[in-house]
Amino acid sequence: VAADHVLALTRLRKPIVGIEELVWNALDAEASIVEITVTPNAMDGVGTVILSDNGIGLPYEDKKSSFGKLGGSPKRRLARTPGGRAVHGKEGKGRFRAFGIGTFVEWTFVYRDTNGTLKEWTVTGDASNLCRFKSTPPVTSKAKATGATVTISNVIASLASLTSDAARSELVSRLALYLRRYPGIRVVLDGKALDVNEIVERAESYEIEAVADGGEELAAELEVIEWTQDVERKLYLCTPDGFAQGEVSPGIHAKGFEF
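Every residue gets a number counted from 1 within its own chain, in the order that chain's sequence is written. In view of the model being predicted, local features appear only for residues whose pLDDT reaches at least 70, and side-chain atom pairs are presented and counted only at 80 or more, with totals across whole chains, interfaces and linings using the full set of residues. To obtain the side-chain values, all non-hydrogen atoms of the structure were included, while hydrogens and water were left out.

Numbering of helices and strands runs from the N terminus; a helix is a DSSP stretch of H or I covering at least four residues, while a strand is a stretch of E covering at least two. Of regular secondary structure, the protein chain possesses 7 helices and 13 strands. Projecting the C-alpha coordinates of the protein chain onto the three principal axes gives extents of approximately 55 × 45 × 40 Å. Summary of the burial criterion: residues with accessible area below 20% of their type's maximum are buried, those above 50% are exposed, and those between are partly exposed, where the area comes from a 1.4 Å probe applied to protein chains only. Across the 259 residues in the protein chain, those meeting the buried criterion constitute 40%. Of the contacts made within the protein chain by residues no fewer than 6 positions apart, 60% connect residues no fewer than 24 positions apart. Any two residues having at least one pair of non-hydrogen atoms within 4.5 Å are treated as being in contact.

Have a look at this one:
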């Protein structure tokens, strides 16, 4: 793949969208706890961004399919995770979003091999050469459980773009349908868990009909979520599992209502 094509995947509308992609990767790996830690540096910027989860990790034998090519994600063949949850990422592009936050990224995976032994390996990438990742061979892990840790350094995103109330609202609104569907999931940003119920004032679903190009009638569901805090009004276009694939302006003027 040409380097300029890969570089285009790192350009983010907002840095928090890069965090979202990493969270989805964790959730697709059966994580029930995802923690994002943003460490400030001495100049009031960001030193590192660390995302850790308690998922099943990535087996070393899957490194080529996950890091050696663009597209063709192994998750494309899966409709559900082994635990029965809906799968989000299927295009194999999510890992590149991390480079929209910082120029050096390290992934450490702890997984259980076919013998039941916990193994650990690391893969690193540098924004200066996004077509080449470097990995270490697996070794017996001292960890007590499976999981993954993503460490982003040489951060180019600002502290506010990752930890402000606006950034938190953006992240929780994009994860809202999933977190409402799977209430046992905990996503913690900068020490504070995302709580959908705390900021959702009301949610209602409506069955609607749409007409596609060519006249085909389609059935759809519109879920309206009203928030207790200011959010950027959007209409998300989602898969049946509630994953946002695109967004448009809702074009609705209703002063005082946040949705």
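If you check helix α2 (residues 15–28), its first and last C-alpha atoms are 21 Å apart, about what 14 residues at 1.5 Å a residue would give, namely 20 Å. With 13 of 14 residues buried, α2 lies mostly within the body of the structure. Glu30, located one to two residues past α2, shows a positive phi value of around 75 degrees. Expected span of a helix, by definition, is 1.5 Å for each gap between consecutive residues, and there is one gap fewer than residues.

The next subject is the nonpolar core. We define a nonpolar core as any set of buried Ala, Val, Leu, Ile, Met, Phe, Trp, Tyr and Cys residues linked to one another through side-chain atoms lying within 4.5 Å. Of all hydrophobic cores here, the largest spans 57 residues; its most connected members are Ile19, Val23, Ile36, Val49, Trp107, Ile152 and Val187. Take this core: its biggest share by element is 8 residues, from α2. In this structure Val49 touches Ile19, Ile36, Thr37, Ile101, Val150, Thr151, Ile152, Val155 and Leu162, once residues within four positions along its chain are discounted.

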